[in-house]
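# Residue-level structure breakdown
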Amino acid sequence: MMQLLRWIIVLALAALAGRLISKVKLPSILGWLIVGMIFGPHAVGLLPQPVLDAGWYQTVIMWMQCAFGLMLGTELVWNKLKRYGKGLIVTTLTQSLGTFAFVTLVFAAAFWLTDIPAYLAFVFGGIALATAPAPALSIVSEFHAKGPVTDTLLPMAVLDDIVAIAVFFTVNSILSSSVSGGAVPLYMIPVMIFLPVVIGLVVGFPAGWLLKRVRGRAWTLAVLLAGITLTVGIGWLINTKVLSGITLNYMLMGVSFSAVFTNMVSEERLGEITGYFHPILAVSLLTAIVDLGAPLNYHLILGAGLYTFLYIAARGAGKYFGARLGARAMKMPDTVQKYLGLTLLPHSGVSLVFTGIACSTLAAKPGFVGVVQGTIAAAAVINEILAVIAAKKGFQLAGEIKSS
């Protein structure tokens, strides 16, 4: 009970900080992140590591990740996607694979000068290509962003996650053949990508059938909450009983679950559903962002070295110019070409997960573990603060939220 109370207090403080920081025309998410860092295990410790590791806490976070996946899934309307189609896929690949290639090349050159094996550069490239969707989604939700950049970003967040899983775990599996340590077998990578989608589909069809027939806030929310809980429950059972040691993506489950019923109901009914669900989505995003900030050690800002700044700059350039190149080649709207890359900069949650996995694989090389861990941890703190501001600016410059 004390752990739960501490967590609720931190969430309340984060909500208050978000309101205060919005008064100075910055996104609320920045306040949520900062409160997560301040009250996390590396500072005040109101949300200590035992709480972050507790089974009940991890279960809540899984549920919240699935819940905010609904924001993405409800944008995956087939008729809308057909308008972007090829352009969306090509731009996703240029910004994600472009980031992987550019960061890998930059670190390969840096490691060549310092006698560090080149294969470590691929680890940095594999970690760098992923985008954390929650920060950008919270900005879209808070400022009611609307337009071509928003319409491109939301489905791209899903595709980007899939590409990130495929590339990172491929790199990690190949890395394990060079150094001792465990890794996900290559044949498991398609399972990690498609199994969450299948789980969401299995629950999404009956939920869609019910949502077409029930009416009213109470019944609609009952179906949604039951659907999310069932989706998470199935995912958890498979994750722990069948695929122990492998973490499935609960956000992808939520995306798949909601994409199914989104394409089963009318546009008017979908608007009703998303309106009813919005308060739960807001709490889910707040919870996810505080969880994102809690493990970040602000002390690392002072100890950040050359590799940290090299990583932030190389990843930022890869995301921005990769997105611009793809969008321009596919003749996407001008605002998408210029500003989409800025909305893709948030990164920390995914980067820390991937870093932990890579460091497990590199366990026999403690010196290299220090290089990877120190660089990414410091970059996560610095980049996340800068990225939130840059993402909001991207939406503003695109004219999709009111300038302030």
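Residues numbered from 1 in each chain as written. Predicted model: local features only at pLDDT ≥ 70, side-chain atom pairs only at ≥ 80, totals over all residues. Heavy atoms only, no water.

### Description of helix α10 (residues 217-242)
Note the threshold: Runs of H or I in DSSP of at least four residues are treated as helices and runs of E of at least two as strands, each being numbered from the N terminus. The length a helix should cover is 1.5 Å for every residue beyond the first. Throughout, a residue-residue contact means that at least one pair of heavy atoms, one from each residue, lies within 4.5 Å.
Over its 26 residues, α10 extends 37 Å from the first C-alpha to the last, a length consistent with the 38 Å expected when each residue adds 1.5 Å. Contacts made by the buried residues of α10 are with α4 (55-73), α9 (189-211), α11 (250-262) and α12 (267-293).

### Considerations on the pattern of salt bridges
Just so we agree on the cut-off: We define a salt bridge as a side-chain nitrogen of Lys or Arg found within 4 Å of a carboxyl oxygen belonging to Asp or Glu. Summary of the burial criterion: residues with accessible area below 20% of their type's maximum are buried, those above 50% are exposed, and those between are partly exposed, where the area comes from a 1.4 Å probe applied to protein chains only.
Scanning all chains against the criterion turns up three salt bridges. When the shortest N-O distance is used, the salt bridge between Lys-338 and Asp-334 registers 3.2 Å. Highlighted residues: Lys-338 and Asp-334, both in helix α15 (residues 334-343), separated by four residues, approximately one helical turn. A relative accessible area of 30% places Lys-338 in the partly exposed class.

### Digging into the packing of helix α7 (residues 133-143) against helix α17 (residues 366-397)
Here is the rule we go by: Only the stretch in contact is used when fitting a helix axis, every axis being a line fitted to C-alpha atoms; angles between N-to-C directions are given from 0 to 180 degrees. Angle categories: roughly parallel below 35 degrees, roughly antiparallel above 145, roughly perpendicular from 65 to 115, and oblique for all the rest. Definitions for this section: a left-handed crossing has its near helix turned counterclockwise from the far helix by less than a right angle. A right-handed crossing has that turn clockwise.
Orientation of α7 relative to α17, taken along the N-to-C sense of each, is 45 degrees, at an axis distance of 10 Å. With respect to α17, the axis of α7 lies oblique. With respect to the hand of their crossing, α7 and α17 are arranged in right-handed fashion. In this structure, α7 uses Pro-135, Ala-136, Ile-139, Val-140 and Phe-143 to contact α17, whose residues at the interface are Glu-384, Val-388, Ala-391, Lys-392 and Phe-395.

### Brief notes about the environment of Trp-219
Relative to the helices and strands, Trp-219 resides in helix α10. Judged by relative accessible area, Trp-219 falls into the exposed class, the value being 58%. As for Trp-219 and Leu-386, which are separated by 167 residues in sequence, their C-alpha atoms are 41 Å apart.

### Focus on unusual backbone geometry
Positive phi outside glycine occurs at Asp-115, with the angle close to 60 degrees. Note that Asp-115 resides in the loop between α5 (78-113) and α6 (119-128). In the Ramachandran plot, Lys-331 falls in the positive-phi region, its phi being about 55 degrees despite a non-glycine side chain. Relative to the elements of secondary structure, Lys-331 occurs in the loop between α14 (306-329) and α15.

### What to know about a nonpolar patch on the surface
As a reminder, the rule being used: Here a patch means residues that are over 30% exposed by relative accessible area and free of salt bridges, tied together within 9 Å if like-charged and within 5 Å if nonpolar (Val, Leu, Ile, Met, Phe, Trp, Tyr). The accessible surface values rely on the Shrake-Rupley method and a 1.4 Å probe; as for residues, cover is taken only from the protein chains in view.
Judged by side-chain polarity, Met-2, Leu-5, Ile-9, Leu-13, Leu-16 and Leu-20 come together as a nonpolar surface patch covering roughly 550 Å² of accessible area. Considering the arrangement of structural elements, one finds Leu-5 in helix α1 (residues 2-22).

### Observations concerning the side chain of Thr-74
We apply this condition: Under this definition, polar contacts are N or O atom pairs within 3.5 Å; protein pairs additionally need one hydrogen-donor-capable and one acceptor-capable atom, and for neighbouring residues in sequence, both atoms have to be side-chain atoms.
Here Thr-74 lies in the loop between α4 and α5. Accessibility expressed as a relative area gives 12% for Thr-74, which makes it buried. Reaching out from Thr-74, the side chain makes a polar contact with the backbone oxygen of Leu-70 at a distance of 2.8 Å. Once residues within four sequence positions are removed from consideration, Thr-74 is found in contact with Ser-258, Phe-261, Thr-262, Leu-270 and Thr-274.

### A look at the side chain of Glu-400
The following threshold applies: In this tally Asp and Glu are treated as negative and Lys and Arg as positive; neither His nor the chain ends contributes.
Looking at the secondary structure, you find Glu-400 in the segment after α17. No salt bridge is formed by the buried Glu-400; the nearest opposite charge belongs to Lys-146, separated by 11 Å. Engagement of the side chain of Glu-400 in a polar contact is seen with the backbone nitrogen of Val-149, the distance being 2.6 Å. Here the side chain of Glu-400 touches Thr-150 through a polar contact of 2.6 Å, side chain to side chain.

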